[in-house]
Amino acid sequence: MENPPSTETVLQGVHALYNNPDLKEKDKASAWLAELQKSIHSWKIADQLLQEKRDLHSCYFAAQTMRNKIQNSFHELPPTAHESLRDSLLEHISHITPETNQIIVTQLCLALADLILLMSAWRHPIASLIERFATNTNSVTALIVILTLIPEEIESRNLRLGANRRDEMSNELAMNSRRVAEFLQTCLINRQQDETIHAKIIKCFTSWTSMNVFKLEDIIDNMVLSYAFNLLRNPSTGTNMHEIAADCLCALLTCLEMTNNSAECEHKVFTGIAELQEAYLMCVAHEDVDKAVNLCRVFTVLAESFQHQMIASSCGATAHYSIKSLDLVLNCVGHYDYEVAEITFRMWFQLSEDLFNRNNCTLSAHFKPYIERLITALYKHCQMEADHEGLLEDDDSFKDFRHKVSELIADVIFIVSSSSCFKQMFMILQQPNVTWESSEAALFVMQNVARNILPDENEVVPKVVEAILNLPETCHIAIRYTSINILGELCDWIDCHPESMQPILNFLLYALQQKGGLATAAANALQSICCASSNHLVPQITGLMEIARHMESFEIQRDASINLLKGIVGVVGFLQKEQVSTVLLDLCSYQVTPLDHLLSSNEAKVGRNDGSDPKYWLDRLAAVFRYAHANLQENETNPWATALTIYWPTLSKAMDKYQAENNVMERIVRCMRYAIRTTGRQAAPILEELVKQMIHVYNHHQHSCLLYLGSVLMDEFALDDVYVPGLLSMLQAFIEPTFNLLQRENGLKNNPDTVDDFFRLANRFVLRRPLDFLKSPLVQPIIQCALLACTLDHKDANLSVMKFFCSLLSSGRDLANPDSAAIQELIKQMVAVNGEALVVNLIYSSIFCLHSYMLSDVVDVFYELKKIDPKGFVDFLQSAVSALPKENSGGTVTATDDQLRNFMRRTTNADSSRHMTQALQDFAKLYR
């Protein structure tokens, strides 16, 4: 938009957006206004619209535009315009009245808060705001909102303040913290009957507390904090105010972990929150779940905040006083609504992890009673409704809760021991007149600890197994389902008690033929037993093969059927060598025959996920090859290679027919990938035909899975000289369609899988045949593409690019390789040409594009480069640092000369990649 539109034109656009009944005109107005907001003219137009105050919609558009421009386009303004923008915003805010729409107020306040953070020339903004607006009744609300937003926006990724500016503003907040606390207290006194302003006051107090700028001794007696406690104690407090008060205390407690406070202050906070137990019991009595949730959050954060002290000071005979917070949390776990109990789970995970790492029996003993109570409460929560029929549906939130309970029990069980818990639950089963739902819940808990039971246990487990095998036909299906799961979890015990194998197999085979979910459970249990007892199940191979042949007739979910095939394939590996080939070919034919039928007919229906979907059979065939293993002597024929050769024509036909279907192609490639991994170079008879078909399909449809398959071929065949020319031709054939795809607009961003798989392929070539790769004319175009891909913030794709560079730079270090000297010379030439661009791109990407956790991969590249040319690396790094901006859009120095020198020193002198990573992460924060 070259020329600025008139205010009237903009008003017409806003009017059309909100009032024109014609949808096309609305869309047209929306697109035009969006373009206007991107233009530099929108600064002035937004200011004019706010001054004129024509109507609600135009004011909202203007306020939203102003906020958006400051957040995302502040660099458009010259520093000389910053003061006039500030004065204009202050003027607009000074005209706010109680009648001003709250959305407009929020947008203007957010705009000013962001401006304060960005505008380094504005000195002492907090004090000047309080002086200007604190005495103006109409402006006090806006002032509180601005003060709330400033701490919240400090970490905004949109603003990219940089560490130096964030430190400046954090110090500004700390210097004014007492003044703000007193201002909020005064507002609370002056507006005693205004609940709306009370909510804003507490939110502001919470915002500043979260920034950890208040000293605990300064606010421990502040009326705002006292008011938050009173709100939580008062049963007549509204739900919204109750939640806001709970947020305030949670923020306060979180800060306790981060600062050193006086023991007296901490104890006072602990006591004040412990006294809220009565309020919690009142919430439960009145069935007020929302308030119970709020107080549960407070109690849970209390336990988290004191966890370090609780554990560190409980190693002796007496536990720390804060262990009583676990009583408060357990009260919440006992709430009748399981969603309240779920709030506490993170705290229990953290506690168990800390106890596990300390490995102190005396310490764990203090917590054992609490974990026993926790498990008992979870057992009660896991009970289904007495009138529930059938099994829990997959989308049932209660099933999701039980899954989380499983994870929690598995995490904390070491504190009380699995056998103790197993016995405790078994005693519940033996109680007279126990209900089915109580029995099922006890079995469910037992299921989650059964895997940890020692295989030589002979007291309780035999009784449990016998009871399961003799379940009456009339028992609830959920009991039978959970019992089947227990048998699967007891697979190690069963392996040590082979006499129990046959009756258990008979029981599971019967369950496999049932409906309603039992077949899936039986399949999973069989898989676990097959994996744990493969050698014991060799005599059962005929029956297992019958199960595999008729698997489609069972009501088994996809994942369970694949798991069962995994177990059966494991048993096949223990057969006599003369049996393996026959059994294996049969196992493959059960999958290939129906697939071949679909390919030869028009009955295939992609997406059905049943026998009419080719993916259904391809997934199963992939499982057969994936879990195959054979104990072969040198030069012995691999039976899996025979199977691959026989069934390759069907897979080739599938690849040809479904070459445009990405989901089917991924399944076909997965089959080939596992088959080639299993057979290795014995897959050579199909290699040439396979590669030709891969290239043909990839030229028409750029399925990245074909690149992945290419990397597998590199792994298996590249060490043999005879295959290298063909593999090099394959790489060359992949390059043109890949580069054409990635060079489109947003090509890298829109195709991360292609980036990932292409550089995985290139990396495998470098690892297996470095000299052939470096001599190839392909090397420079691939490096140029990799340099562009450095900025891609996709975790897996970027990692593949970094691994490619690392492998390339580390090539030739194996002195046993006769080509070592030649490789190192070519690498030095490559570094001389591309080294500076590589470091400049990686530094830029680390600061402006990549997530902090990805920088360790970047450092791996730096480390390899530094080994090759230490002096050159320093020069490259200096060039990269010199190219960075010296100031941010608000005029703050991004990195001082001392900080730049410090980064250079830390990076070049780092004696480990960990130290270099820390230096790079610290440096990147200066620009973020």
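Note that the structure is predicted; figures quoted are calculated from it, not measured.

1. A look at the overall build of the protein chain
Stage number 1. Within the protein chain, the secondary structure is distributed over 49 helices and 0 strands.
Stage number 2. The principal-axis extents of the C-alpha atoms in the protein chain amount to approximately 95 × 80 × 65 Å.
Stage number 3. Taking all 928 residues of the protein chain together, the buried fraction comes to 54%.
Stage number 4. Relative to all contacts within the protein chain whose residues are 6 or more apart in sequence, the contacts with residues 24 or more apart total 73%.
Stage number 5. Within the structure as shown, the protein chain displays about 41,400 Å² of accessible surface, and the carbon and sulfur contribution to it stands at 49%.

2. Focus on the packing of aromatic side chains
Each aromatic ring pair is characterised by the separation of its centres together with the angle its planes make.
Stage number 1. Taken as a whole and judged by the stated rule, the model has 26 aromatic pairs.
Stage number 2. Consider the rings of Tyr844 and Phe848, whose centres lie 5.0 Å apart with planes at 45 degrees: the pair is tilted. Taken together, the residues span about one helical turn, with Tyr844 and Phe848 both in helix α45 (residues 820-848) at a distance of 4 residues.
Stage number 3. Classification of Phe848 as partly exposed rests on a relative accessible area of 27%.
Stage number 4. Chaining the aromatic ring pairs together yields one cluster made of Phe739, Phe758, Phe759, Phe765, Phe773, Phe804 and Phe805.
Stage number 5. Above the plane of the ring of Trp122 lies Arg86, whose end atom (NZ or CZ) is 5.3 Å from the centre.
Stage number 6. Between the NZ or CZ atom of Arg402 and the centre of the ring of Phe444, over which it lies, the distance is 4.1 Å.

3. As for empty space enclosed by the protein
Stage number 1. Evaluated as defined, the whole model comprises 1 cavity of 30 Å³ or more.
Stage number 2. Taken as a whole, the largest cavity spans an internal volume of roughly 30 Å³.
Stage number 3. Phe805, Leu809, Met830, Val831, Asn834, Gly835, Leu838 and Leu865 together form the lining of the largest cavity.
Stage number 4. With 5 residues, α45 is the largest single contributor of residues to the lining of the largest cavity.
Stage number 5. Grouping the amino acids of the lining of the largest cavity by side-chain chemistry returns 6 nonpolar, 2 polar and no charged.

Thresholds applied
- Residues numbered from 1 in each chain as written.
- Predicted model: local features only at pLDDT ≥ 70, side-chain atom pairs only at ≥ 80, totals over all residues.
- Heavy atoms only, no water.
- Helix = DSSP H or I, 4+ residues; strand = E, 2+ residues; numbered from the N terminus.
- Buried < 20%, exposed > 50% of the residue type's maximum accessible area, 1.4 Å probe, protein only.
- Contact = heavy atoms within 4.5 Å.
- Areas by Shrake-Rupley, 256 points an atom, 1.4 Å probe, with all protein chains shown as cover.
- Phe/Tyr/Trp six-rings, centres within 6.5 Å; stacked < 30°, edge-to-face > 60°.
- Lys NZ or Arg CZ within 6 Å of the ring centre and 35° of its normal.
- 1 Å grid on protein atoms, 1.4 Å probe; cavity = no way out; pocket = protein on both sides within 12 Å on 5 of 7 lines; lining within 4 Å.
- Points joined across faces, edges and corners; volume = space filled by probe spheres on them.
- Nonpolar A, V, L, I, M, F, W, Y, C, P; charged D, E, K, R; others polar.

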